[in-house]
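# Topology and contacts: notes
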Amino acid sequence: MALRNILLHPDPRLKKVCDPVASVSDETRRLADDMLETMYDAPGIGLAAPQIGINARMLVMDCMKEDDDTPRPMVLINPQVIWRSDESGTYDEGCLSIPDIYAEVVRPAEVKVRWMGIDGKTVEEQFDELWATCVQHEIDHLDGKLFIDHLKPLKRQMITRKMVKLKKEMARG
Ligand code: NI
């Protein structure tokens, strides 16, 4: 397993609609392991393939974030939301590609998602609370969408300016 470099917003690779994964190969399994390792190391509760520069519809997540929780690493390939609740939920969202910036995003409170597991089998599960927020946030990444795209333009521009500045500072070292 290897840690991968997480891309920071703004980056054109984070704005692309990703391609479906045709089948699970050794490379897919390696990528899933690397993504999980990178996510836990960050630390984060979700990571999508485009965030490490891979144009593939694949994400990992584990929202069991308390120290005494049993980890539940999940790998979702070609995930699709197949049902959304009418009821909405609001979460203070963050993103590994937009570090240290958080903002409230309103999304459906519950979603049912269908995906291909790392064993190649089709899986369906209904998510609520933090899991619902996380899975929708990560699926957005596969469509080139960031959580700040749910905010008002002025707020989004302010965050992007902050990130441009941060990236310049990081480049200077
Ligand atoms: Ni994110």
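Please read these numbers as outputs of a predicted model, since none were measured by experiment.

### Some points on the coordination of the nickel ion
All of the protein donors around the nickel ion are Cys95 (SG), His137 (NE2) and His141 (NE2); their distances to the metal are 2.1 to 2.3 Å. Between consecutive donors of the nickel ion, the numbers of intervening residues give the motif C-x41-H-x3-H. Residue Cys95 is found in strand S4 (residues 88–95), and its partner His141 is found in helix H2 (residues 129–142); the two are separated by 46 residues along the sequence. Judged by relative accessible area, which is 1%, His141 ranks as buried.

### Re unusual backbone geometry
The phi torsion of most residues other than glycine is negative, and most of the peptide bonds are trans. Following His9, the chain continues into Pro10 via a peptide bond in cis, with omega recorded as 0°. As for its position among the elements, Pro10 is in the segment before helix H1 (26–41). Residue Pro43 is bonded to the preceding Ala42 through a cis peptide linkage, with omega at -10°. The residue Pro43 is located in the loop between H1 and strand S1 (46–48) in this model. At Asn78, a residue that is not glycine, the phi angle is positive and equals roughly 50°. Positive phi is not limited to glycine here, since Glu129 has a value of about 45°.

### Regarding the pattern of salt bridges
Tallied over the entire structure, the rule returns 11 salt bridges. In this structure, the salt-bridge partner of Glu124 is Arg114, at a minimum N-O distance of 2.8 Å. A residue pair is termed long-range when its members are at least 10 positions apart, and Glu124 in strand S7 (residues 122–127) and Arg114 in strand S6 (residues 111–116) qualify at 10 residues. Take Glu124: its relative accessible area is 37%, and that puts it in the partly exposed class. Asp149 serves as the salt-bridge partner of Arg156, at 3.9 Å between the closest nitrogen and oxygen. Residue classification places Arg156 among the partly exposed positions, given a relative accessible area of 24%. Under the relative-accessibility criterion, Asp149 is labelled partly exposed at 24%. A single network of salt bridges, built from pairs that share partners, joins Lys15, Asp149 and Arg156.

### Some points on the packing of aromatic side chains
Overall, the coordinates contain 2 aromatic pairs when judged by the stated rule. On the basis of an interplanar angle of 15° and a centroid distance of 6.3 Å, the ring pair of Phe127 and Trp131 is categorised as stacked. The class for Phe127 is buried, based on a relative accessible area of 2%. Its relative accessible area of 14% is what places Trp131 among the buried residues. By the ring-pair criterion, three or more aromatic residues cluster together here, those being Trp115, Phe127 and Trp131. Just above the ring of Trp131 sits the side chain of Arg72; from NZ or CZ to the centre is 5.5 Å.

### Structural notes on the environment of Pro153
Mapping Pro153 onto the fold places it in helix H3 (residues 153–172). Its relative accessible area of 47% is what places Pro153 among the partly exposed residues. When the C-alpha atoms of Pro153 and Met39 are compared, they prove to be 29 Å apart, with 114 residues separating the residues in sequence.

### Things to note about the pairing of S6
Note: strand S3 (residues 74–84) against S6, 5 bridges, orientation antiparallel. What sits directly across from Val81, in S6, is Val113. Where S6 folds back onto S7 in an antiparallel hairpin, the turn is made up of 5 residues, including Gly120, whose phi is positive at roughly 85°.

Conventions used here
- Residues numbered from 1 in each chain as written.
- Predicted model: local features only at pLDDT ≥ 70, side-chain atom pairs only at ≥ 80, totals over all residues.
- Heavy atoms only, no water.
- Donors = N, O, S within 2.8 Å, 3.2 Å for Na, K, Ca; no water.
- Helix = DSSP H or I, 4+ residues; strand = E, 2+ residues; numbered from the N terminus.
- Buried < 20%, exposed > 50% of the residue type's maximum accessible area, 1.4 Å probe, protein only.
- Salt bridge = Lys/Arg side-chain N within 4 Å of Asp/Glu carboxyl O.
- Phe/Tyr/Trp six-rings, centres within 6.5 Å; stacked < 30°, edge-to-face > 60°.
- Lys NZ or Arg CZ within 6 Å of the ring centre and 35° of its normal.
- Pairing = 2+ DSSP bridges.

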